[in-house]
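Structural overview
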Amino acid sequence: MDYTDIKSSFRKNKIGLVGIGILACLIIASIITASIIPVDTYQQWNNPASWTELPKSAQPIWINWISEKKMPEHQILEAPQTILKKGSSESIVIQRFQVNYDSDYFPGEFLLNYKSTYSGSPVLQISIVRPDNITLELLSSSLPYSEQKTYYTDKIFSTNESIRKNLKLQLDKFPYQIESTNAKEIIFADKNNQVLKGNYEFIITVHGTDMIDSKLILGGKVFGLAGTDELRRDLAIGLLWGTPVALFIGVIVAIGSVVSGLVFGVYAGYKGGRTDESMMRLNDVIYALPALPFLIILSVTTSNSIFLMIGFLMIFGWVGVAKVSRSMALQIKTRQFVDAAKTMGQKDSKIIFRHIIPQIMPYALASIAISVPAAITTEAGLSFLGLGDPTYPTWGQILHDAKSHGAAARGLWWWIMPPGIMIAITGLAFVFIGNSLESTVNPKLRR
Amino acid sequence: MGLKQYFAKRAIILFGVLMATLLLTILLVGSNMDAILKKGIAIQVRAEIVENKKIVSGFASTDELNQYISDQIGKRAKVLGLDEPWYSPNRIGLAIYKILILDFGHSTFLTSDSGSTAVGDIILEKLPRTILLFTTATVIISIIGIFVGAISGSKIGSKTDKITSSFAIISSSFPVWWVGLLMIFAFAFWYAIFPARATPTIPPTDPGYIGALLYHMTLPIITIVMIGFGTWAYLVRNFMAGIMQEDFIFVKKTIGIKRKKIIFGSALRNAAPPIVTILALSLSGSLGGAIITEAVFDWPGMGRLYFEAITLMDLPVIIGATYVLTVFFLVSIFVSDLLYGYLDPRIRTG
């Protein structure tokens, strides 16, 4: 059976084509990820400092598309309209943030993050214009005095005590009674003490400097396509970057272990006799080793580098292939063309690589495809136990974090489901391809 | 080669494999073991000096005291045989000999629930729990799997067959532990039917303990069976598919023997040898528990013991558990060899 036959009968196999389709999607997703999402965000995955602006355990944003009540979206407003008024005595900077608030619930806390360069003692004012045109003065505070030009950065939280006091004094601006004493609930309240939807405007005014840069973070309960975890990380980034990493691990381990198993088995089978016997005993030893415990011992005692783990997975992966390819080689070496090559005086290595291995190649391809999912699940399992490489976060590590934060018992489904589904989909793609390849190359399974 | 010789040879090979596994484990963890033991001795000596002021007052200078401490550490290390490097043939030989006579020594950190530090006690305490959960699950899986597989294998291409095969392929790509997490989410959080942790909270002496244990076991057992039986059914189906095409089945069909009797009588009996082999291997494999599944369900069996031992680097426990598991695995290979010879006459007659 040659390769054009395999190709044409593979094309007729629907399941195989589905597998190829899924795999193509995963590869496209990996390419898009690698080109769009900066590698830096991925490398900072385990650095809590780089995720402080995101919400804690926020659900994915598409929850709002399917549920009736809209949950507040986490918004990070970075580019405000800035007006600079240079007066003769002092300059004023005004920054305006427009927020269209249409959630059915009150937002989480909000915070203003600002940087300024100044000398003297500038005054910073925050006010807010509500959709019903009521203007509330939230805060008026002076930045610390400095004689020289200085750089200052700080955060103002909505839980700030002076904001609460200021709002309390302005309750008579409302035409109706406000019951809450909480800043965010006063700012966003309507006459029933529910949420007033519409356009809000946050106005930041600074007297006495011409340089301020601010960022307004309006805390919410939904964020991004995959939500965030307890450590405020954007799960979409982890899931997307996990794809190329998982494909890399799976494919490299599968190719490495199948190729080495193939060469080992064919050599043993072709040589026969004592060589065969001793090589197969080595095979027995590795077969009897409890693989998962040994993988764990190895990664605990050596290092948790992902490349080492790939190597260890290969060590335990080649055994089965070696057994099968040995028995195949035993059959093939009795064929006439091998005898012919021998009588022509060809070297053993040439006979093995030119005449025997090409015959087993279709089987090898099928086993490569079939062993990819095992490699991916084993890596995911090790990472799940907390033995993963922290520099390359994987789906298993996301699940490990989910488990250690009790995500299942707390109902944080968006933290548990997607990584597992990704593992399963990737596995399925290769299982589909492998099974249909096997049934095309193995006449016994063809019906 | 006669049958007896064949088995004798197999037994020798398997024993060699066992020794090789043991040697490999010792080689892997040996260097760490020494470092940890030496640290332990140093802490012990210092603690004794702090407790016993008389020793301290007997020394003129701190140098003398330090000299005394290092002497003490050296003496105790010699008693434990730590003066030789861990890779010296003497020590490795001694370690292997001790394990062969089932003297596993004492653990460094872990203890059994009753407080014993003997590795043998710890393993004996965890093993029954693992058998209770995983071996039970394996038995259920194999019964369902053989039944479903035999039915779908008897009629390839039928609806049952298609459903079984696709279920087998799909379920095998899901990691069991992930499905476990989902099950906890669904049945312990969403519908609070089962407890999330698989360990009962009441003490073992309580009369309701067995009931509580069974109740806590339900979720993990359902999970393991659900994910596991598809693969079994698929394997049995493939064995059956070959046998159902044999002539003797056609003959039985034509002389009008009932379908059920053909499937479960003749066909399944002929498919028995490979099935028994797989059964033996998976039963022995189940004794090791499943490190990751036990971690998910918080089941206090062998898998969790293993994981705890590895994270704490409690080396006597690691070595002891590896040895016990490998022994079980090799014995089951040997037993399945024996059974194969018994069930398949072609091997008996050589």
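First things first, this report covers the structure right here in the doc. Everything numeric here is computed off the predicted structure, so don't read it as measured data.

Another aspect to go through is unusual backbone geometry. Most peptide bonds are trans, and most residues other than glycine sit at a negative phi. Positive phi is not limited to glycine here, since N133 of chain A has a value of about 65°. Positionally, N133 of chain A belongs in the loop between β5 (123-129) and β6 (135-142). Despite not being glycine, D298 of chain B has its phi angle at roughly 60°, a positive value. Mapped onto the elements, D298 of chain B comes out in the loop between α12 (291-297) and α13 (302-312).

Take the sheet that holds strand β2 (residues 81-86) of chain A next. Residues and elements named next belong to chain A. Here we have 5 strands laid out as an open sheet, ordered β2-β3-β8-β5-β6, and antiparallel in their pairing. Every interior strand has two partners, whereas the edge strands, β2 and β6, have only one. For this sheet, the mean angle separating the axes of adjacent strands, direction not counted, is 15°. Across 10 bridges, the pairing between strand β3 (residues 91-101) and strand β8 (residues 198-207) is antiparallel. Note on β8: the bridge partner recorded for Y101 is G198.

This part takes up the nonpolar core. Among the nonpolar cores identified, the biggest contains 152 residues, and L385 and I416 of chain A together with V236, I318 and A321 of chain B are the most heavily contacted of them. At 18 residues, the largest contribution of residues to this core is made by helix α7 (residues 235-271) of chain A. When residues no more than four places from it in sequence are discounted, the contact partners of A321 of chain B are I123, M302, L305, Y306 and A309 of chain B. In terms of nonpolar packing, the next biggest core, distinct from the first, is built from 26 residues, Y101, Y118, L167 and F202 of chain A among them.

By a widely used convention, the size of an interface equals the accessible area lost when the partners come together. Facing the 37 residues of chain B at the interface are 34 residues of chain A. For the side of chain B that touches chain A, the secondary-structure elements that each account for two or more residues are α1 (3-51), α6 (159-172), α7 (176-190), α12, α13 and α14 (315-343) of chain B. Ranked by residues supplied to the side of chain B that touches chain A, first place goes to α7 of chain B with 9 residues.

Attention shifts here to the environment of I319 of chain B. All names here are of chain B. For I319, the position within the fold is in helix α14. Taking the number of C-beta atoms within 10 Å as the measure of exposure, I319 has 26 and is therefore buried. Spatially, the C-alpha atoms of I319 and K39 are 20 Å apart, while their sequence positions differ by 280 residues. Discounting chain neighbours no more than four positions away, the residues touching I319 are T25, I26, V29 and I99.

Conventions adopted
Each chain carries its own residue numbering, running from 1 in the direction its sequence is written. Lettering for chains starts from A, numbering for ligands starts from 1, and both go in the order in which the items are written. Selection of residues for local features in this predicted model requires a pLDDT of at least 70, selection of side-chain atom pairs for listing and counting requires 80 or more, and totals for whole chains, interfaces and linings are taken over all residues. Strands here are runs of E lasting at least two residues and helices are runs of H or I lasting at least four, both read from the DSSP assignment and numbered beginning at the N terminus. Two strands are counted as paired when DSSP detects at least two bridges linking them. With axes taken as lines fitted to C-alpha atoms, and helix axes fitted only over the stretch in contact, angles between N-to-C directions fall between 0 and 180 degrees. Joining buried Ala, Val, Leu, Ile, Met, Phe, Trp, Tyr and Cys residues through C-beta atoms within 7 Å gives a set, and that set is a nonpolar core. Once C-beta atoms are placed from the backbone, each residue is buried if 20 or more other C-beta atoms lie within 10 Å of its own, exposed if 12 or fewer, and partly exposed for counts between those two. C-beta atoms are placed from the backbone for every residue, and two residues are taken to be in contact when these atoms lie within 7 Å.

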